[in-house]
Amino acid sequence: MSLTTGIVGLPNVGKSTLFNAITKKGILAANYPFATIEPNVGVVVVPDKRLDFLNNLYKPASLVPTTFEFTDIAGLVKGASKGEGLGNKFLSHIREVDAIVEVVRCFDDDNIIHVENEIDPIRDIEIIAIELILSDLEIVLNRLNKIGKKATMSKDKEIRKEAELLEKLKTALSNDIAIRSLSLTEDELKIIKPYNLLTLKPIIYMANVSEDDLSEDNQYVKKVKEYASKEKAQVIVVCAKVEEELSQLDEEEHLEFLKALGIEQSGLDKLIKASYSLLGLKTYFTAGSDEVRAWTFKDGMKAPECAGLIHTDFEKGFIKAEIMSYEDLETCGSEKAVKEAGKMRLEGKDYLMQDGDICYFRFNV
């Protein structure tokens, strides 16, 4: 399951430095796969300590973690929705991602010129917000122009429902309200899914600070957190320079550097986990002497769908799933002990997969 988070921001906010640190981090994990699909897309490992336990227990020939894609999207400037700068390219790229990470400059540095000539994170956030809103408004208006008259004259309930929803979206966007801030029903979300609206995508704000401000929020970060709380968005505080240094260290040096900084996790580890969580993603495992592997699935998926992530035949011919939880395996110490404790179970087609399930799928094609 391939899902992508797009890293966006104004020029000179530290976006590319962070992306470079992310891609180098992928290389850091020696026995984990890393790939750069194209110059602006990096695939990184989702940190998961459970894999270490499974690796030590099964001693497999191959260890495959779950991964996540980050896309470095061209810097945006005011007027992007009208094609200014790389606006059209920026907007087309952001439409292709599943979630947005917006890097916001929260540090002072006279040597790095800000595109707006002064540091104001809220203004920067609103510049991007307005451009995305204007782009969505154009899509909504174009669709309304196509079906508006037809909806008033038609007896087709679906067209009328769509037109009413579009009017609702038009009102919100015209008042600078992002679609993600609206309380939309599942039916309404299904109707607008083909529009691929930018302001519907979930967002994380990444406050880029100086090394001195890593341990305590500065005035800029406090403003960003206050802004983000209104739309229930998460804020991750990070220092791009520190992350770049961390990405070049081996694991032992990496941990020592974090300890010296007085922090437990790097900002990038927090970002990866937050992005994974933001999209409602979870992990199940397959484990044996040949391979221990983590698989990404969306919350709410049933056992046959998850089996299909391995191979479509697994879903088509699904019979049962033999499942134990990671917690039970860790507590009991072995598969045999899990079975003896009566913790191993067989689940059918309606079983909702849980994070940490360790599975063996039975199928027949």
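Residues numbered from 1 in each chain as written. Predicted model: local features only at pLDDT ≥ 70, side-chain atom pairs only at ≥ 80, totals over all residues. Heavy atoms only, no water.

Enquirer: Could you clarify how one ought to interpret the overall build of the chain in this entry?
Expert: Looking only at helices and strands, one finds 14 helices and 13 strands in the chain. Per-residue burial over the chain gives 49% buried out of 365 residues. In the chain, of all internal contacts separated by at least 6 residues, the share reaching a separation of at least 24 is 69%. (Helix = DSSP H or I, 4+ residues; strand = E, 2+ residues; numbered from the N terminus. Buried < 20%, exposed > 50% of the residue type's maximum accessible area, 1.4 Å probe, protein only. Contact = heavy atoms within 4.5 Å.)

Enquirer: Could you clarify how one ought to interpret the pairing of strand β1 (residues 4-8) in this entry?
Expert: The side chains of a regular strand alternate between both faces of the sheet. With five of five residues buried, β1 lies mostly within the body of the structure. What you see with β1 is no split at all: Thr4, Gly6 and Val8 on one side and Thr5 and Ile7 on the other are buried throughout. Two elements, β1 and strand β5 (residues 67-72), share four bridges in a ladder whose sense is parallel. Note on β5: the bridge partner recorded for Ile7 is Asp72. (Pairing = 2+ DSSP bridges.)

Enquirer: Please clarify how the packing of aromatic side chains should be interpreted in this entry.
Expert: Counted under the stated rule, the structure contains nine aromatic pairs. Here the aromatic residues Tyr284, Trp295, Phe297, Phe318 and Phe361 are joined through ring pairs into a cluster of three or more. The lysine or arginine in question, Arg293, covers the ring of Trp295, its NZ or CZ lying 4.2 Å from the ring centre. (Phe/Tyr/Trp six-rings, centres within 6.5 Å; stacked < 30°, edge-to-face > 60°. Lys NZ or Arg CZ within 6 Å of the ring centre and 35° of its normal.)

Enquirer: What's the story with unusual backbone geometry in this structure? I'm lost.
Expert: If a residue is not glycine, its phi is most likely negative; likewise, a peptide bond is most likely trans. The phi dihedral of Asp176 falls on the positive side, at around 60 degrees, and the residue is not glycine. By the secondary structure assignment, Asp176 is in the loop between α5 (157-174) and α6 (186-192). Here the phi dihedral of Lys232 falls at roughly 55 degrees; this positive angle occurs in a residue that is not glycine. Using a relative accessible area of 82% as the deciding quantity, one classes Lys232 as exposed.

Enquirer: Would you mind going over the packing of helix α4 (residues 121-153) against α5 with me for this structure?
Expert: Packed helices, taken two at a time, are described by the angle their axes make and the gap between the axes. It is the contact of α4 with α5, at a shortest axis distance of 9 Å, that shows an interaxial angle of 150 degrees. As for the relative orientation of α4 and α5, their crossing is left-handed in sense. Between α4 and α5, the contacting residues are Ile133, Asp136, Leu137, Val140, Leu141, Arg143, Leu144, Ile147, Lys150 and Ala151 on the first element and Ile159, Arg160, Glu162, Ala163, Leu166, Glu167, Leu169, Lys170, Leu173 and Ser174 on the second. Counted by class, the contact of α4 with α5 contains twelve nonpolar, one polar and seven charged residues. (Axes fitted to C-alpha atoms, helices over the stretch in contact; angles between N-to-C directions. Left-handed = near helix turned anticlockwise from the far one by under 90°. Nonpolar A, V, L, I, M, F, W, Y, C, P; charged D, E, K, R; others polar.)

Enquirer: When you look at the side chain of Arg95 in this model, what are you seeing that I'm missing?
Expert: Here Arg95 shows up in helix α3 (residues 87-95). For Arg95, the residues in contact, after removing those within four places along its chain, are Ser135, Asp136, Ile139, Tyr195, Asn196, Leu197, Leu198 and Lys201.

Enquirer: Would you explain helix α10 (residues 267-278) in this entry?
Expert: An α-helix turns once per 3.6 residues; consequently, residues spaced three or four apart project the same way. Under the 1.5 Å per step criterion, the end-to-end length of α10 is 16 Å for twelve residues, consistent within 8% with the ideal 16 Å. Among the residues making up α10, those that are buried are Gly267, Leu268, Asp269, Leu271, Ile272, Ala274, Ser275 and Tyr276. The positive-phi residue at the C-terminal boundary of α10 is Gly280, with phi of around 70 degrees. (Expected span 1.5 Å × (residues − 1).)

Enquirer: Looking at this model, I keep getting lost on the pattern of salt bridges. Mind explaining?
Expert: Think of it this way: side chains of opposite charge can pair up when their charged atoms draw near. Within the structure shown, the criterion is met by 16 salt bridges. Of the charged contacts, one joins Asp350 and Lys302 as a salt bridge, the two residues approaching to 3.7 Å between their closest N and O atoms. One end of the pair, Asp350, is in the loop between β12 (345-347) and β13 (357-363); the other, Lys302, is in the loop between β10 (291-298) and α11 (303-310), and 48 residues separate them in sequence. We classify Asp350 as exposed; its relative accessible area is 63%. (Salt bridge = Lys/Arg side-chain N within 4 Å of Asp/Glu carboxyl O.)

Enquirer: What is the right way to look at the environment of Gly42 in this model?
Expert: By the element assignment, Gly42 lies in strand β3 (residues 41-45). For Gly42, a relative accessible area of 0% puts it in the buried group. Remark: the alpha-carbon pair of Gly42 and Asn20, spanning 22 residues in sequence, is separated by 8.9 Å.

Enquirer: Sorry, what's going on with the environment of Thr199 here?
Expert: Tracing the backbone through its elements, the reader meets Thr199 in the loop between α6 and β7 (203-208). Between the C-alpha atom of Thr199 and that of Ala129, which follows or precedes it by 70 residues, the distance is 7.8 Å. What Thr199 contacts, discounting residues up to four positions off in sequence, is Leu132, Ile133, Asp136, Leu173, Ala178, Ile179 and Arg180. Reaching out from Thr199, the side chain makes a polar contact with the backbone nitrogen of Ile179 at a distance of 3.1 Å. (Polar contact = N/O pair within 3.5 Å; in protein donor to acceptor, adjacent residues only side chain to side chain.)

Enquirer: For this particular structure, what's the right way to read the nonpolar core?
Expert: Most often, soluble globular proteins have nonpolar side chains that are buried together. In terms of nonpolar packing, the biggest core is built from 62 residues, with Phe70, Ile94, Cys106, Tyr205, Met206 and Leu271 touching the most fellow members. Leu144, Ile147, Leu166 and Ile192 belong to the second largest nonpolar core, which has 17 residues in total. (Core = buried A, V, L, I, M, F, W, Y, C linked by side-chain atoms within 4.5 Å.)

Enquirer: What's the story with the environment of Glu244 in this structure? I'm lost.
Expert: Among the secondary structure elements, Glu244 is positioned in helix α8 (residues 240-247). Separated by 222 residues in the primary sequence, Glu244 and Ile22 place their C-alpha atoms 8.2 Å from one another.

Enquirer: I would appreciate a short explanation of the pairing of β3 in the present structure.
Expert: For β3, a buried count of five out of five residues is recorded, marking the element as mostly surrounded by other parts of the structure. Alternating positions in β3 separate into two faces, Val41, Val43 and Val45 on one and Gly42 and Val44 on the other, with burial throughout. In this sheet, β5 lies alongside β3 in antiparallel orientation, the contact comprising five bridges. Directly across from Gly42, in β5, lies its bridge partner Phe70.

Enquirer: I'm lost on the packing of α8 against helix α9 (residues 251-261) in this one. Help?
Expert: Look at α8 against α9: their axes get within 9 Å of each other, and the N-to-C directions meet at 150 degrees. The angle between α8 and α9 places the two elements in the roughly antiparallel class. You can see that α8 and α9 cross each other, and the crossing is right-handed. Together, Val242, Glu245 and Leu246 of α8 and His254, Phe257, Leu258 and Leu261 of α9 make up the contact between the two elements. Counted by class, the contact of α8 with α9 contains five nonpolar, one polar and one charged residues. (Parallel < 35°, antiparallel > 145°, perpendicular 65-115°, else oblique.)

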